[in-house]
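Working through the structure, step by step
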Amino acid sequence: MDDKLKAIEQEFQQAISNADSLDTIENIRIRFLGRKEGLVTNIFKQLGTVSPEQKPLYGQKINHLKDLVTQEIDNKAKQIEGQIAKGVSQKASKGFDITLPAFKQTIAKAHPLTLVRDEICSLFIEMGFNIVEGPEIETEYYNFEALNIPLEHPSRESFDTFYLDKKHLLRSHTSPVQIRYMENNQPPIQIVVPGKVYRPDATDATHSFMFHQLEGLLIDKNITLAHLKGVLSVFAKKLFGPKTKTRFRPHFFPFTEPSAEMDVSCIICGGKGCRVCKYNGWIEILGSGMVHPKVLKAGNIDSKKYSGFAFGMGIERIAMLKYGIDDIRLFYENDLRFVKQFS
Ligand code: DAH
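Parameters and conventions
- Residues numbered from 1 in each chain as written.
- Predicted model: local features only at pLDDT ≥ 70, side-chain atom pairs only at ≥ 80, totals over all residues.
- Heavy atoms only, no water.
- Domains from an automatic or database assignment.
- Helix = DSSP H or I, 4+ residues; strand = E, 2+ residues; numbered from the N terminus.
- Near = heavy atom within 4 Å.
- Polar contact = N/O pair within 3.5 Å; in protein donor to acceptor, adjacent residues only side chain to side chain.
- Buried < 20%, exposed > 50% of the residue type's maximum accessible area, 1.4 Å probe, protein only.
- Pairing = 2+ DSSP bridges.
- Core = buried A, V, L, I, M, F, W, Y, C linked by side-chain atoms within 4.5 Å.
- Contact = heavy atoms within 4.5 Å.
- Salt bridge = Lys/Arg side-chain N within 4 Å of Asp/Glu carboxyl O.

**Side note on the domain arrangement of the protein**
- On domain assignment, one finds that the protein holds domain 1 (2-93) and domain 2 (112-339).
- Taking the mean C-alpha position of each, domain 1 and domain 2 sit 79 Å from one another.

**Some words on unusual backbone geometry**
- With an omega of 5 degrees, the peptide bond between proline 187 and proline 188 qualifies as cis.
- For the bond running from glutamate 257 to proline 258, omega is -5 degrees, close enough to zero to count as cis.
- By the secondary structure assignment, proline 258 is in strand E8 (residues 256-265).
- A positive phi angle, close to 55 degrees, is found at lysine 278, a residue other than glycine.
- Relative to the helices and strands, lysine 278 resides in the loop between E8 and strand E9 (282-291).
- Unlike most non-glycine residues, asparagine 334 shows phi in positive territory, near 55 degrees.
- Turning to its location among the elements, asparagine 334 is positioned in the loop between helix H11 (330-333) and helix H12 (336-339).

**Here we look at the site of the ligand**
- Around the ligand sit 16 residues, and of these His173, Ser175, Arg199, Gln213 and Glu215 come closest.
- Within the side chain of histidine 173, a nitrogen or oxygen atom sits 3.0 Å from a nitrogen atom of the ligand.
- Contacts to the ligand include serine 175, whose side-chain N or O atom sits 3.0 Å from a nitrogen atom.

**Some points on the pairing of E8**
- Most of E8 is tucked away: 8 of the 10 residues are buried.
- In the sheet, strand E7 (residues 246-253) pairs with E8 via 7 bridges, with the strands oriented antiparallel. Across the sheet, residue phenylalanine 248 finds its bridge partner in E8, namely methionine 262.
- In textbook terms, the turn of a hairpin is the stretch between consecutive antiparallel strands, and for E7 and E8 this stretch comprises 2 residues.

**So, the nonpolar core**
- Ile120, Phe124, Leu214, Phe235, Ile285, Phe311 and Met313 are the most contacted members of the largest nonpolar core, which totals 42 residues.
- Only helix H5 (112-126), strand E6 (210-220), helix H8 (225-240), E8, E9, strand E10 (307-314), helix H10 (315-323) and H12 provide two or more residues apiece to this core.
- Considering every element that reaches this core, the biggest residue donor is H8, with 7 residues.
- Not counting chain neighbours up to four residues away, the residues in contact with isoleucine 285 comprise Phe235, Phe240, Met262, Val264, Met313, Arg317 and Leu321.
- Core analysis: the second largest hydrophobic core is formed by 26 residues, Ala146, Val177, Ile189 and Ile301 among them.

**A closer look at the sheet that holds E6**
- Strand order across the open sheet formed by 7 strands is E1-E5-E6-E10-E9-E8-E7, with mixed pairing between neighbours. A strand with exactly one partner marks an edge of an open sheet, and here the two such strands are strand E1 (130-131) and E7.
- As defined by bridge partners, E9 adjoins E10 across 5 bridges and the pair is classed as antiparallel. Of the residues in E10, the one forming a bridge with methionine 290 is phenylalanine 309.

**Remarks on the sheet that holds strand E2 (residues 137-139)**
- Read across the sheet, 3 strands follow the order E2-E4-E3 without closing on themselves; strand pairing throughout is antiparallel. Edge strands, defined here as strands with exactly one partner in the open sheet, are E2 and strand E3 (162-163).
- Taken together, the 2 bridges between E3 and strand E4 (residues 168-170) define a ladder with antiparallel strand orientation. Note that in E4 the partner of phenylalanine 162 across the bridge is leucine 170.

**Some thoughts on the pattern of salt bridges**
- A complete count under the given rule lists 13 salt bridges for this structure.
- With its nearest N and O atoms 2.7 Å apart, the salt bridge here joins glutamate 138 to arginine 180. In this pair, glutamate 138 sits in strand E2 while arginine 180 sits in helix H7 (residues 176-184), placing the two residues 42 residues apart along the sequence.
- The exposure class of arginine 180 is partly exposed, given its relative accessible area of 25%.
- Put simply, glutamate 140 and arginine 156 hold a salt bridge, and the shortest N to O gap is 3.1 Å.

Listed below in structure tokens is the structure:
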């Protein structure tokens, strides 16, 4: 019996001193203390073979061995856990290798809409415009009435609107900021207003219930349609390249008179005709016009003394053209594989 105990202890001491990982320690624990086949466990079962007088003595010896094995296993496990925590032991932890290169930190990139908005804003800043913002929650007065869109006006339908309650709504365009700014500032006025707008449209590849617009307003003495055409043509060339041509088509907006939509020569095919321009060589990118005298009046500006022009464009639409993106929903899904491709 004594020999057996000695042999077990020797084997144990050797094994534990060579142990260098938590896995090895677990195997040692099973080999010596395992419930079915553990060497220490089994030796208890052999107590029956010693004489009754010697039983207490060997009982004690085996218990002693068991305590020693348990204690040393615990100690060694703690020691290795400590090493893992310090990152000292390569082998100790499963699959941990301190010689591997560190993970690359990914640096955040700006969202494509942010990039395009900022680019458009800086082009206008270069031309002397200031950036202004306004509230997304508006009243009927600012969103419609003050912009010469009275209650029964059929054009209200084209600015379909989310109502929050009887008085408040989510602005359906950035034009209300024109009024808010004029109320507090006399000409010369030269601002652009980027921001979110909301319309209850069914979502598809080109529609979203929320999107972004950029509004422009320039008011001073003797401002004419020529200024409007000049500023917006320069803008188009700066944004899409010096070869970009522009054309202005008569249109109707209640807040401008006369009104026009501006087209640019197709930035994909250069005007020859392709799928993007629907084979006519031109792409509409903004609405514009000379500020209606009623709108100037609503903004407390004397229309006999001052005149001006305004314009509004969709930022998503421009970003889609610029980057060749064919589905507006990609902007809002925040799939990093998409978002990371820009800048
Ligand atoms: N507010 C118009 C829209 O949402 C865009 C627009 C057209 C703005 C002509 C203007 C403008 O300032 O002059 O579609």
